[in-house]
Amino acid sequence: MTTRRIADVLKHGQPDESLTIQGWVRTKRELKEFAFIEVNDGSSMNGLQVVVNQGTPGFDVLDRITTGTSVEVAGTLVPSPGKGQQIEMQANTVTIYGEADADTYPLQKKRHSFEFLRTIGHLRARTNTIGAVMRVRNACATAVHQFFQERGFMWVHTPIISASDCEGAGEMFTVTNLDLTKIPLKDSKESGKKEADFSQDFFGRQAYLTVSGQLEAEIMAMAFTNVYTFGPTFRAENSNTSRHLAEFWMIEPEMAFCNLDGNVELAVDFLKYIFRYVMEHCPDDMEFFNTRIDKTVLETADSIINSEFGRITYTEAVELLEKSGRTFEFPVEWGIDLQSEHERYLSEEVFKKPLVVTDYPTQIKAFYMRLNEDEKTVAAMDVLAPKIGEIIGGSQREERLDVLERRIKANHLPIEDYWWYLDLRRYGTVPHAGFGLGFERVVQFMTGMTNIRDVIPFPRTPMNAEF
Ligand code: 4AD
Ligand code: MG
């Protein structure tokens, strides 16, 4: 007899079919002559209802079946008389793989807070909400690849151990195998004080966990035109917020022969595509989020798919904020970096949908962004989403050798470290652009989950790296 996944059985199963399922028991209801058990194998929100009659091999073991028990059931599908499901299974045999002691198994039927579930990160994937999140996350990842592959972008694998600080923000984790109790020291040229001598370290220089694959993606775009990365990135920002992780996944497309407008267009198409894909492939999970997590989930998805995004410049954004009549925690004036409260005001209250903000002040953005003619602004773009704030950050890149050299120096970055990046401008330079989409932020936005720690299987945040 074939073993089938429950999602497939619920969708395609026909009365009288005989088959086997495997999974974990969510609930059990015992009556005198028979019992109902609901079995879930993670393939869908709904489990399969199994009816076990007295006399069925396995009926005698029903006492040992509790929430969390792993079972295999062989049986026949029958139309379900109950509400809410089309089909159920009449069991022929029930086999227990592993019991789950009801007195100690933490996931009993009642609802648990997400805070509590984070303390049992090894079990929370078996709950309805985290299960739905992980299925949606998987669909998002599939949509990412499908979107780019359909458009002829090449997936490139940029290094996780990197020697460059792409964002220039100094929020990097060092990778070392030096003995931390006996760090070799040398005299620093600048300060005259002692500093770690990384020439004795594994790579013969200081190396980091990457904060972004962009600079390496630019190398690849200068050979393959359109590329994208999809991998983990790491930031040692000590921000304990509901939108920050120390390890998160990022998708970074990079396009040669492309300017800021082309970049904005790709970003908008990309977000619409992911939402459409998830609505098509995970309708039950999305329905669940809409009823149980945030009543605007479906409405948001619909508006992303069907309406235009807003688009304004940074200067216009500042004007809107200044005349809002609001008092923000961080006062607004031209030149400040937009804070989450500003981003949310613009997307939630002014536009009521995602919007693209372009042309930020030069002094608050990274060195690689293309300098506009006014020199006060750069060809940057952020996509801001209601409730989340920044979901995408990107720009057209500085492709002019002399301007780029000037910008690296102005940012006090060691120009000798960027010889290869400058070479890309020396040999066959072209206008090019790209962006980074925070993968967890998009999953958060889609599902309405309020904390980013609940949309990644194993969150890493300050003081927290379980497993
Ligand atoms: O705006 P960021 O810093 O841009 C870059 O890293 C560029 N190199 C991207 C590029 O142009 N190729 O980060 C991009 C996105 C943000 O918009 C946000 O969605 C997400 O990454 N992000 C985080 N997500 C979770 N936790 C954090 N600590 C994040 N920091 C950034
Ligand atoms: Mg950013």
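Use the structure listed above.
All values reported here derive from a predicted model rather than from experimental measurement.

*Asks:* Could you give an account of the overall build of the protein, naming the residues involved and the relevant values?
*Replies:* A tally of regular secondary structure across the protein gives twelve helices and 18 strands. Reported as C-alpha extents along the three principal axes, the dimensions of the protein are approximately 85 × 55 × 45 Å. The buried share of the protein, taken over its 467 residues, is 51%. Put simply, of all contacts in the protein between residues at least 6 apart along the chain, 67% involve residues at least 24 apart. Carbon and sulfur atoms make up 51% of the accessible area of the protein, which totals about 22800 Å². Distance from the positive charge centre (50 side chains) to the negative charge centre (68 side chains) of the protein: 3 Å.

*Asks:* Tell me what's going on with the sheet that holds strand β5 (residues 87–98), and back it up with residues and numbers.
*Replies:* Read once around its circumference, the closed barrel built from five strands follows the order β1-β2-β3-β5-β4, with strand pairing classed as mixed. Geometrically, the sheet is characterised by an average inter-axis angle of 55° between neighbouring strands, direction not taken into account. Here ten bridges tie strand β4 (residues 70–79) to β5, and the two strands are oriented antiparallel to one another. Bridged to Glu-72 within β5 is Thr-95.

*Asks:* Describe a negative patch on the surface, naming the residues involved and giving the relevant values.
*Replies:* A surface patch of like charges, here negative, comprises Glu-316, Glu-319, Glu-322 and Glu-333. For Glu-319, the position within the fold is in helix α8 (residues 314–322). Overall, the relative accessible area of 44% leaves Glu-319 in the partly exposed class.

*Asks:* I'd like a rundown of unusual backbone geometry, residues and numbers included.
*Replies:* The phi dihedral of Lys-352 is positive, around 55°, even though this residue is not glycine. Tracing the chain through its elements places Lys-352 in the loop between α9 (340–350) and β15 (355–361). In this structure, Lys-387 is a non-glycine residue whose phi angle is positive, near 70°. Note on placement: Lys-387 falls in the loop between β16 (377–385) and β17 (389–396).

*Asks:* Account for helix α11 (residues 419–426), naming residues and giving values.
*Replies:* The set of residues buried in α11 consists of Trp-420, Tyr-421, Leu-422, Leu-424 and Arg-425. Lining the buried residues of α11 we find α4 (214–224), α10 (401–410) and β18 (432–438). Gly-428 sits one or two positions beyond α11 and adopts a positive phi of about 70°.

*Asks:* Tell me about the site of ligand 1, and please be specific about residues and values.
*Replies:* What surrounds ligand 1 is a group of 25 residues, the closest being Glu-167, Gln-214, Glu-237, Glu-252 and Glu-390. A distance of 2.7 Å separates a nitrogen atom of ligand 1 from a polar side-chain atom of Glu-252. Here Glu-390 contributes a side-chain N or O atom positioned 2.6 Å from an oxygen atom of ligand 1. If ligand 1 stood free it would expose 630 Å²; the protein chains cover 94% of that surface. Every element with two or more residues in the shell around ligand 1 is listed here: β13 (247–256), β17 and β18. Top contributing element to the shell around ligand 1 by residue count: β17, with five residues.

*Asks:* Explain the side chain of Arg-441 to me, using residue names and the numbers behind them.
*Replies:* In this structure, Arg-441 sits in helix α12 (residues 439–447). One buried charged side chain, Arg-441, makes no salt bridge at all; its nearest oppositely charged neighbour is Glu-390, positioned 5.1 Å away.

*Asks:* How would you explain the sheet that holds β18 if you had to name every residue and give the values?
*Replies:* The strands making up a sheet associate through hydrogen bonds between their backbones, and the pairing can be parallel or antiparallel. Sheet architecture is open: eight strands sit in the order β6-β12-β13-β18-β17-β16-β15-β14, paired in mixed fashion. Edge positions in the sheet fall to β6 (154–155) and β14 (310–313), since each of these pairs with one other strand and no more. Here β13 pairs with β18 via five bridges, running antiparallel. When the bridges of β18 are listed, Met-255 appears paired with Ala-433. The sheet contacts of α4 involve β6, β12 (226–234), β13 and β18, and relative to β13 the element is tilted by about 30°.

*Asks:* I'd like to hear about helix α5 (residues 260–281), residue by residue, with values.
*Replies:* Residues three or four positions apart in an α-helix share a direction because the helix packs 3.6 residues into each turn. The terminal C-alpha atoms of α5, which comprises 22 residues, lie 32 Å apart, in line with the 32 Å expected from a rise of 1.5 Å per residue. Its side-chain oxygen 3.1 Å from the backbone nitrogen of Asp-261, Asn-259 forms the N-cap of α5.

*Asks:* Break down the packing of aromatic side chains for me, with residues and values.
*Replies:* For the structure on display, the rule yields 22 aromatic pairs. Relative to Phe-270, the ring of Phe-147 has its centre 5.0 Å away and its plane inclined at 40°; by these criteria the two rings are tilted. With Phe-147 in helix α3 (residues 128–150) and Phe-270 in helix α5, the pair connects residues that are 123 residues apart, well separated along the chain. Judged by its relative accessible area of 0%, Phe-270 is buried. Within the aromatic cluster, the residues linked to one another by ring pairs are Phe-147, Phe-148, Phe-153, Trp-155, Tyr-228, Phe-270, Tyr-273 and Phe-435. In this structure, Lys-365 packs its charged tip against the face of Tyr-360, placed 4.3 Å from the ring centre.

Reading the values: rules and limits
- The numbering scheme is per chain: residues are counted from 1 as the chain's sequence reads.
- By the order in which they are written, chains take letters starting at A while ligands take numbers starting at 1.
- Totals for whole chains, interfaces and linings use every residue, but because this is a predicted model, local features are given only for residues with pLDDT of at least 70 and side-chain atom pairs only at 80 or more, for both listing and counting.
- Values shown for side chains rest on all heavy atoms present in the structure; no hydrogens or waters enter the calculation.
- The helix and strand labels rest on DSSP assignments: H or I over at least four residues marks a helix, E over at least two residues marks a strand, and numbering proceeds from the N terminus.
- Exposure categories follow from relative accessible area, calculated using a 1.4 Å probe and restricted to protein chains: below 20% of the type maximum is buried, above 50% is exposed, and the middle band is partly exposed.
- Here a residue-residue contact requires only that any non-hydrogen atoms of the pair lie within 4.5 Å.
- Here, Shrake-Rupley sampling with a 1.4 Å probe gives the accessible areas, and only protein chains in the shown set may cover a residue.
- For the purpose of charge, His is not counted, nor are the chain termini; Lys and Arg are scored as positive and Asp and Glu as negative.
- For charged residues, the charge sits on one atom: NZ in Lys, CZ in Arg, CG in Asp, CD in Glu.
- Here a strand pair is declared whenever DSSP counts at least two bridges between the two strands.
- Fitted lines through C-alpha atoms give the axes, limited to the stretch in contact for helices. The angle between two N-to-C directions lies from 0 to 180 degrees.
- For patch building, the residue pool is restricted to those with more than 30% relative accessible area and no salt bridge; the joining distance is 9 Å between like charges and 5 Å between nonpolar side chains (Val, Leu, Ile, Met, Phe, Trp, Tyr).
- Counted as salt bridges are all cases of a side-chain nitrogen of Lys or Arg within 4 Å of a carboxyl oxygen of Asp or Glu.
- By convention in this text, a residue qualifies as near a molecule or strand provided that one of its non-hydrogen atoms is within 4 Å of it.
- We define a polar contact as two N or O atoms separated by no more than 3.5 Å, with the added condition that, inside protein, one atom must be a possible hydrogen donor and the other a possible acceptor, whereas residues neighbouring each other in sequence contribute only through side-chain atom pairs.
- Multiplying one less than the number of residues by 1.5 Å gives the expected span of a helix.
- Note on aromatic contacts: the rings of Phe and Tyr and the six-membered ring of Trp form a pair at centre separations within 6.5 Å, being stacked when their planes are under 30 degrees apart, edge-to-face when over 60 apart, and tilted otherwise.
- We count a charge as sitting over a ring when the NZ of a lysine or the CZ of an arginine lies within 6 Å of the ring centre and within 35 degrees of the ring normal.

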